[in-house]
Amino acid sequence: MVAAALGILFVRKAVHAALLLAVVMISIAFLYAVMEAPFLFAVQIIVYTGAILMLFLFVMMLIGVDASDSTVETIRGQRVMATVLGLLFGTVLVVGISQVTYGTVVGLDTANSGGNVPAIANILFSRYVFAFEATSALLITAVLGAMVLAHRERLTPKATQASLAAQRIRDFGEHGKHPGPLPSPGVYARHNAVDTPALLPDGTAAESSVSRVLAARGTVRSAPALADDIDVVTAQIGDPASMPETSGKAGTPANTTEDVK
């Protein structure tokens, strides 16, 4: 549990932090079970791990948390302040817990004589019924408030396929934006790979089909640019002199440097 709690502080991805938080919550539930508190064990698993933590994961999947979020401090010195306050809080906890003395527990056997869960139910719905119902009303109000804040009225009609197509044509006429999908690698070519660009009717490569990553790396080269490197390419393939000679008929592979050229 401690290792997972420390992992929450040092992992970079929010999903990994949520999964480590699940490990912490389940470990706490097992501690409740060891201390013979079955009600807290069930609440920890069902409410905290099964409901609240899953809500965290659903929100992250809904809004899409990226690992490349900005880490620039909006408040200058907040990390130093958080570190100092965290150390002070930890010191207070250590000092406070070290001075606690436990005496002999009295009355637990009598209170839990009929079972732990029935005894807690008897207390919740008798002595603490008002606080229990007030908490329930507060949670229901929070749920309704979240629904109201998340609800959005549709101010414009829903776009149809016809309206989307008309908008694409208007964008093409006004801004020159291509109305259809960009050509994928390998169109009018013999290979469907990222290193094989689409070919236009005149035989030239379509720039829109070239990967931006390859263009940024400067590794995009055309066939004329490779004409001067034919000897190097031939040497990489193998020594032409060691290949068996052929009669040079159509359909036979090139076997000499002159044939390759």
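Residues numbered from 1 in each chain as written. Predicted model: local features only at pLDDT ≥ 70, side-chain atom pairs only at ≥ 80, totals over all residues. Heavy atoms only, no water.

In the annotation of an unreviewed UniProt entry, the entry for the chain reads NADH-quinone oxidoreductase subunit J, and the organism field reads Nocardioides baculatus. Recorded under Catalytic activity (unreviewed entry), the UniProt text for the chain is reproduced unchanged: "a quinone + NADH + 5 H(+)(in) = a quinol + NAD(+) + 4 H(+)(out)". (UniProt positions renumbered as here; feature names shortened; annotations may be inferred.)

Moving on: the overall build of the chain. Looking only at helices and strands, one finds 11 helices and 0 strands in the chain. Reading the secondary structure of the chain in the N-to-C direction produces α-α-α-α-α-α-α-α-α-α-α. In the chain, buried positions account for 10% of the 261 residues. Restricting the contact set of the chain to residue pairs at least 6 apart, pairs at least 24 apart contribute 26%. With an accessible surface of roughly 21,500 Å², the chain has 66% of that area assigned to carbon and sulfur atoms. (Helix = DSSP H or I, 4+ residues; strand = E, 2+ residues; numbered from the N terminus. Buried < 20%, exposed > 50% of the residue type's maximum accessible area, 1.4 Å probe, protein only. Contact = heavy atoms within 4.5 Å. Areas by Shrake-Rupley, 256 points an atom, 1.4 Å probe, with all protein chains shown as cover.)

Together, Ile 26, Phe 30, Ile 45, Ile 46, Val 47, Tyr 48, Ile 52, Leu 55, Phe 56 and Val 59 give the surface a local cluster of nonpolar side chains, amounting to about 850 Å² of exposed area. Relative to the assigned elements, Val 47 resides in helix α3 (residues 38–63). (Patch = residues over 30% accessible without salt bridge, like charges linked within 9 Å, V, L, I, M, F, W, Y side chains within 5 Å. Salt bridge = Lys/Arg side-chain N within 4 Å of Asp/Glu carboxyl O.)

Within the element layout of this structure, Thr 49 appears in helix α3. On the basis of relative accessibility, which here comes to 10%, the residue Thr 49 falls in the buried class. Each residue touching Thr 49, except ones within four places of it in the same chain, is listed here: Met 25, Ile 26, Gln 44 and Met 54.

What follows deals with the packing of helix α1 (residues 2–10) against helix α2 (residues 14–34). Relative to each other, α1 and α2 sit at 160 degrees, their axes nearing to 8 Å. Compared by their axis directions, α1 and α2 come out roughly antiparallel. In the packing of α1 onto α2, the handedness of the crossing is left-handed. Of the residues in α2, those touching α1 at Ala 4, Ala 5, Gly 7 and Ile 8 are Ala 17, Leu 20, Leu 21, Val 23 and Val 24. Among the residues making up the contact of α1 with α2, the classes are represented as 8 nonpolar, 1 polar and no charged. (Axes fitted to C-alpha atoms, helices over the stretch in contact; angles between N-to-C directions. Parallel < 35°, antiparallel > 145°, perpendicular 65-115°, else oblique. Left-handed = near helix turned anticlockwise from the far one by under 90°. Nonpolar A, V, L, I, M, F, W, Y, C, P; charged D, E, K, R; others polar.)

UniProt's entry tags residues 14–35, 41–63, 84–108 and 128–150 with the feature "transmembrane region" (unreviewed entry), counted in the numbering of this structure. Its end C-alpha atoms 32 Å apart, residues 14–35 is made of 95% helix and 0% strand. Helix makes up 96% of residues 128–150 and strand 0%. Its end C-alpha atoms lie 33 Å apart.

With 21 residues, α2 ought to run about 30 Å at 1.5 Å a step, and its terminal C-alpha atoms sit 31 Å apart, in line with that. Those residues of α2 that fall on the buried side of the exposure criterion are Ala 17, Ala 18, Ala 22, Val 24, Met 25, Ser 27 and Ala 29. Directly after α2, the chain includes Glu 36, whose backbone phi takes a positive value near 60 degrees. (Expected span 1.5 Å × (residues − 1).)

Glancing now at the nonpolar core. Nonpolar side chains in soluble globular proteins tend to end up buried together. Among the nonpolar cores identified, the biggest contains 6 residues, and these are Ala 18, Ala 22, Met 25, Leu 53, Leu 57 and Met 60. When residues of this core are traced back to their parent elements, those giving at least two are α2 and α3. (Core = buried A, V, L, I, M, F, W, Y, C linked by side-chain atoms within 4.5 Å.)

Pairs of aromatic rings are described using the distance from one ring centre to the other and the angle between the two planes. A complete count under the given rule lists 2 aromatic pairs for this structure. Between Phe 125 and Phe 132 the ring centres are 5.1 Å apart and the planes differ by 65 degrees, which places this aromatic pair in the edge-to-face class. (Phe/Tyr/Trp six-rings, centres within 6.5 Å; stacked < 30°, edge-to-face > 60°.)

For the rest of this paragraph, the subject is the confidence of the model for the chain. On average, residues of the chain carry a pLDDT of 76, and 74% of them reach 70 or more. Low pLDDT (under 50) marks residues 242–261, which in the prediction has 18 contacts with non-local residues, meaning those over four places away or in another chain. (pLDDT = per-residue confidence, 0-100.)

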